Amino acid sequence: QLVVATNELSKGNYESRISPLTHDELGTLSNNVNELACTLEQNQQMRFQWVSDTSHELRTPLTVLRSHLLAVQDGVFIADASRINLLINQVDNLNHIVDDLAQLANSDTANLTYNAVAVDVIEVLQQTTENYIARFQEQNLAVNSDALKNAQPCIVRGDKDRLQQLFANLLENTCRYTHEGGQVNIKINTLNDKLALIIQDSAPGVSSKDQAKLFERFYRVEKSRNRNFGGSGLGLALCQKIVEAHGGDISLQDSPLGGLEVKVTLPVVS
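A quick note: this is a predicted structure, and the numbers were derived from the prediction, not measured. (Residues numbered from 1 in each chain as written. Predicted model: local features only at pLDDT ≥ 70, side-chain atom pairs only at ≥ 80, totals over all residues. Heavy atoms only, no water.)

A. Representation of the pattern of salt bridges within the structure. The final tally for this structure, using the stated rule, is four salt bridges. Put simply, Arg17 and Glu41 hold a salt bridge, and the shortest N to O gap is 2.8 Å. Of the two residues, Arg17 is situated in the loop between helix 1 (2-10) and helix 2 (25-73) and Glu41 in helix 2; the sequence distance between them amounts to 24 residues. Residue Arg17 is classed as partly exposed on the basis of its relative accessible area of 36%. We note a salt bridge from Arg135 to Glu138, for which the minimum N-O separation is 3.4 Å. With a gap of three residues between them, Arg135 and Glu138 both fall in helix 5 (residues 133-138), about one helical turn apart. Given the relative accessible area of 8%, Arg135 is considered buried. Judged by relative accessible area, which is 43%, Glu138 ranks as partly exposed. A single network of salt bridges, built from pairs that share partners, joins Arg135, Glu138, Glu172 and Arg176. (Salt bridge = Lys/Arg side-chain N within 4 Å of Asp/Glu carboxyl O. Helix = DSSP H or I, 4+ residues; strand = E, 2+ residues; numbered from the N terminus. Buried < 20%, exposed > 50% of the residue type's maximum accessible area, 1.4 Å probe, protein only.)

In structure tokens, the structure reads:
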């Protein structure tokens, strides 16, 4: 068993295990080989996970860049100073992701850095939504974001770049999975010292059973909300990490528009 198991490990089959038959040195060695195989299997899964995380994170700003550049090329948008600044912001987002990868390469943990300062979360969400105008138009989605325009500033203690990353992932998921010609509502609710940001989209919906699993890494609803350009199943898992790092919570439920409703609750600075 030991020879067969170690040969399997050398071939990359980290699921191989040994059934210890004795309680002597060979039994101890068998248990140690099993622990080694388990560690190797976990490391392999983590490696695959970070490759998927990276591709998912890079795809979002690249998608925004491409949609705006195509709109400029087709004459829909004018390449004025405002549009160029928007594109520069997306390039900055890419640089930020590359910086994160450099940190991960030199760290034993996968925790991203957070620079907590006073941030107007309404302004951040509004700016991110404006960045997605071309993307919404590309999918022929009607977006109602009047609540952002009429809202008063809401200050939270957080990292502006991470919050942009959070909202970009949520809006990208909405663009990717909502049926063409659908609708998106962005709402705001305030209660005492908490702020609730709500993003609702139209069909297709997600069953309660699947909603409970959407925060799991790599989980995708293969039928109703999967497309030919479906994501890697990491978006909401990443969003959950960012929200929790800001002392908030994120939840899912059925949208009154027929799709999915995402609710992000963050503590507001007094």
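B. Broad picture of the environment of Leu70. Along the polypeptide, Leu70 turns up in helix 2. Assessed through its relative accessible area of 29%, Leu70 is described here as partly exposed. Sequence separation of Leu70 and Ala134 is 64 residues, and the distance between their C-alpha atoms is 9.3 Å.

C. Main features of the sheet that holds strand 5 (residues 194-202). The five strands are arranged 2-4-5-7-6 in an open sheet whose pairing can be described as mixed. Both edges of this open sheet fall to strand 2 (142-144) and strand 6 (249-254), since each of them pairs with a single strand only. Between one strand axis and the next, the sheet turns by 15 degrees as a mean value, whatever way the strands run. As paired strands, strand 2 and strand 4 (residues 183-191) are joined by three bridges and run parallel to one another. Residue pairing for strand 4: Asn144 is matched across the bridge by Asn185. Across the sheet, helix 4 (residues 121-131) lies against strand 4, strand 5 and strand 7 (258-267), angled at about 20 degrees from strand 5, the strand it touches most. Lying over the sheet, helix 7 (residues 160-177) contacts strand 4, strand 5, strand 6 and strand 7, oriented at roughly 25 degrees with respect to strand 5. (Pairing = 2+ DSSP bridges. Axes fitted to C-alpha atoms, helices over the stretch in contact; angles between N-to-C directions. Contact = heavy atoms within 4.5 Å.)

D. Spotlight on the side chain of Glu172. Its location among the elements puts Glu172 in helix 7. In this structure, Glu172 is in contact with Thr60, Thr63, Tyr132 and Arg135, ignoring residues within four places of it in sequence.

E. Just the environment of Arg162, in detail. Tracing the backbone shows Arg162 in helix 7. Its relative accessible area of 0% is what places Arg162 among the buried residues. A distance of 3.0 Å separates polar atoms of two side chains, one belonging to Arg162 and the other to Gln165. (Polar contact = N/O pair within 3.5 Å; in protein donor to acceptor, adjacent residues only side chain to side chain.)

F. Examining helix 7 more closely. If you check helix 7, its first and last C-alpha atoms are 26 Å apart, about what 18 residues at 1.5 Å a residue would give, namely 26 Å. Burial runs high along helix 7: 16 of the 18 residues are buried. The opening residue of helix 7 is Asp159, an N-cap whose side-chain oxygen sits 2.9 Å from the backbone nitrogen of Asp161. (Expected span 1.5 Å × (residues − 1).)

G. Looking closely at the nonpolar core. Counting residues in each nonpolar core, the largest one holds 42 residues, and the members touching the most others are Val121, Leu163, Leu166 and Leu170. Sort the elements by how many residues they give to this core and helix 7 lands first, with seven residues. In contact with Leu166, other than residues within four places in its own chain, are Cys239, Ile242, Val243 and Val264. (Core = buried A, V, L, I, M, F, W, Y, C linked by side-chain atoms within 4.5 Å.)

H. Up close: the packing of aromatic side chains. Evaluated as defined, the whole model comprises one aromatic pair. Between Tyr132 and Phe136, the aromatic rings sit 6.3 Å apart at their centres with planes inclined by 50 degrees, giving tilted as the arrangement. One exposure class covers both Tyr132 and Phe136, and it is buried. Here Arg83 stacks its cationic end above the ring of Phe77, 3.8 Å away from the centre of that ring. (Phe/Tyr/Trp six-rings, centres within 6.5 Å; stacked < 30°, edge-to-face > 60°. Lys NZ or Arg CZ within 6 Å of the ring centre and 35° of its normal.)

I. Inspection of unusual backbone geometry at higher detail. Look at the link from Ala203 to Pro204: it is a cis peptide, with omega at 10 degrees. You can see Pro204 is positioned in the loop between strand 5 and helix 8 (208-211). The phi dihedral of Asn140 falls on the positive side, at around 55 degrees, and the residue is not glycine. Structurally, Asn140 is set in the loop between helix 5 and strand 2. The phi torsion at Asn192 lies on the positive side, around 55 degrees, for a residue other than glycine. Inspection of the secondary structure assignment puts Asn192 in the loop between strand 4 and strand 5. For Asn192, a relative accessible area of 77% translates into the label exposed.

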